[in-house]
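# A look at the structure
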Amino acid sequence: SRAFIKVWDISNREKPVLKRNISLDGNYINSRMIGEYVYVVMESHIYFENNEVILPELRYGEQQVEVIPASAIYYCNVSDYSYRFTTILAINVQNDEQEPSNLTVLLGATSCMYVSLDNIYLTVSSSYHGDMTEQTSIYRIHLEDNGLELVASGAVPGSVLNQFSMDEYNSYFRIATTTGHIARTLEQATSKNHIYVLNPDLTIVGELNDLASGEKIYSARFMGDRCYLVTFRKVDPLFVIDLKNPNQPKVLGELKITGYSDYLHPYYENYVIGI
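All of the points below concern the structure found in this document. Here the structure is a predicted model, which is why all the values come from computation and not from measurement.

Quick notes on the rules
- Residues numbered from 1 in each chain as written.
- Predicted model: local features only at pLDDT ≥ 70, side-chain atom pairs only at ≥ 80, totals over all residues.
- Heavy atoms only, no water.
- Helix = DSSP H or I, 4+ residues; strand = E, 2+ residues; numbered from the N terminus.
- Buried < 20%, exposed > 50% of the residue type's maximum accessible area, 1.4 Å probe, protein only.
- Contact = heavy atoms within 4.5 Å.
- Areas by Shrake-Rupley, 256 points an atom, 1.4 Å probe, with all protein chains shown as cover.
- Lys, Arg positive; Asp, Glu negative; His and termini not counted.
- Charge placed at Lys NZ, Arg CZ, Asp CG, Glu CD.
- Polar contact = N/O pair within 3.5 Å; in protein donor to acceptor, adjacent residues only side chain to side chain.
- Disulfide = S-S within 2.5 Å.
- Pairing = 2+ DSSP bridges.
- Axes fitted to C-alpha atoms, helices over the stretch in contact; angles between N-to-C directions.
- Core = buried A, V, L, I, M, F, W, Y, C linked by side-chain atoms within 4.5 Å.
- Phe/Tyr/Trp six-rings, centres within 6.5 Å; stacked < 30°, edge-to-face > 60°.
- Lys NZ or Arg CZ within 6 Å of the ring centre and 35° of its normal.

Moving on, we come to the overall build of the chain. When its secondary structure is counted, the chain shows zero helices and 25 strands. Summarising its shape, the C-alpha atoms of the chain cover approximately 60 × 50 × 35 Å along the three principal directions. Looking at the chain as a whole, 44% of its 275 residues are labelled buried. Intrachain contacts of the chain at a sequence separation of at least 6 include 47% that bridge at least 24 residues. Accessible surface computed for the chain: about 14,800 Å², of which carbon and sulfur atoms make up 48%. Between the averaged position of the 21 positive side-chain charges in the chain and that of its 33 negative side-chain charges there is a distance of 8 Å.

A few words on the environment of Glu-168. On the secondary structure map, Glu-168 appears in strand β16 (residues 166-169). Between the C-alpha atom of Glu-168 and that of Leu-117, which follows or precedes it by 51 residues, the distance is 9.5 Å. Once residues lying within four places of it in the same chain are set aside, the contact partners of Glu-168 are Tyr-114, Ser-116, Asn-119, Tyr-121 and Phe-173. Within the structure, Glu-168 has its side chain in polar contact with the side chain of Tyr-121 (distance 2.6 Å).

All right, on to the state of the cysteines then. Each disulfide consists of one covalent bond between the sulfur atoms belonging to two cysteines. Tallying each qualifying case throughout the model produces zero disulfides. Cys-112 carries a free sulfur, and the closest cysteine sulfur to it, the one in Cys-227, is 15 Å from it.

Glycine aside, residues mostly have negative phi, and peptide bonds are mostly found in the trans state. Of note, the phi angle at Asp-210 is positive, near 60°, even though the residue is not glycine. Even without a glycine there, the phi angle at Tyr-268 is positive, about 55°.

On to the sheet that holds strand β7 (residues 57-60). Spatially, four strands are ordered β1-β2-β7-β8 in an open sheet, and the strand pairing comes out antiparallel. Two strands in the sheet have a free side with no partner beyond their single neighbour: β1 (2-9) and β8 (64-67). Here the average twist between neighbouring strands, direction ignored, is 15°. Two elements, strand β2 (residues 17-25) and β7, share three bridges in a ladder whose sense is antiparallel. Bridge pairing in β7 places Leu-24 opposite Leu-58.

On to the nonpolar core, then. Counting residues in each nonpolar core, the largest one holds 19 residues, and the members touching the most others are Ile-88, Ile-120, Leu-122, Ile-141 and Leu-148. Mapped by element, the contributors of at least two residues to this core are β4 (37-45), β10 (84-92), β11 (101-107), β12 (112-115), β13 (119-128), β14 (133-144) and β15 (147-157). What Ile-141 contacts, discounting residues up to four positions off in sequence, is Ile-88, Leu-103, Asp-118, Asn-119, Ile-120, Leu-122, Leu-148, Glu-149 and Leu-150. Grouped together as the second largest cluster of nonpolar side chains are 15 residues, Ile-5, Leu-24, Ile-68 and Leu-106 included.

Let's shift gears to the pairing of strand β20 (residues 216-223). Among the eight residues that make up β20, seven are buried, leaving the element largely enclosed by the rest of the structure. Note that β20 and strand β21 (residues 226-232) share seven bridges and pair antiparallel. Within β21, the residue paired with Ser-219 across the bridge is Val-230. As consecutive antiparallel partners, β20 and β21 are separated by two residues, and within that stretch Gly-224 has a phi angle of approximately 60°, a positive value.

Right, let's get into the packing of aromatic side chains. This structure, assessed with the given rule, holds eight aromatic pairs. Consider the rings of Phe-164 and Tyr-263, whose centres lie 5.4 Å apart with planes at 70°: the pair is edge-to-face. With Phe-164 in the loop between β15 and β16 and Tyr-263 in the loop between β23 (250-258) and β24 (264-267), this residue pair connects regions lying 99 residues apart in the sequence. Members of the aromatic cluster, connected to one another through ring pairs, are Tyr-114, Tyr-121 and Phe-173. Across the ring face of Phe-4, the terminal group of Lys-6 is positioned such that the distance to the ring centre comes to 5.8 Å.

Next up on the list: the environment of Tyr-83. Tracing the backbone through its elements, the reader meets Tyr-83 in the loop between β9 (73-75) and β10. Given the relative accessible area of 32%, Tyr-83 is considered partly exposed. Residues Tyr-83 and Phe-222, spaced 139 residues apart in sequence, show a C-alpha to C-alpha distance of 31 Å. Sequence-distant contacts of Tyr-83, defined by excluding residues within four places in its chain, comprise Ile-46, Val-78, Leu-106 and Leu-107.

Written as structure tokens, this is what we have:
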């Protein structure tokens, strides 16, 4: 399969003009736009031909082909059941003469992405059933306009729900995860929920563990010094978590109501809407 990025000039709304056509082996994962740059994340399976690994190919238009050399591909020493090439492209959508830059990392299947103004965070969740270990690996790619650099990697226990379960604030990365599983009875459930605060090197510096045993995270939202977390099994606790001290997260309070919220949305400074 192949994923395409096409840049159109729409200054004449009635006659859009295709200015650039960039494609890459694999599938589209996600993208963000910051200023004049679009950052696109794509992923391709690894396969062999004549005992050689087929490296990902970038194409500019119909003719120009660039094979990403093995020597330019980052490798992170984390075991996974399925390896893939994850490629990030930085494209200036206002300057057609500037070549896109790219960065490729050999990872497992990318599960979630969070992007700040300065960094892309990619997560890869792994579960090893032999010892029931669950882990989410995190990779920080620093953004500098056209520049892309893999600068840090780390890991936290558990699995992450979605992009709203992650956040960057004052150079710290915060993430909410769930370990274990839920069951029909509370006695059979092993699930617990956690908040981790990591420094720019993606080393854990603060944590809040074992929230809402027997339940799992259904929604999360970070807002400045606070995190709002909804877990669920039969009733819906909304946790308010204080993150003012990155080294010592603490629960400020909780509210139990029926049902649950799949999504939390900040509304000004003192309100959050649960949907």
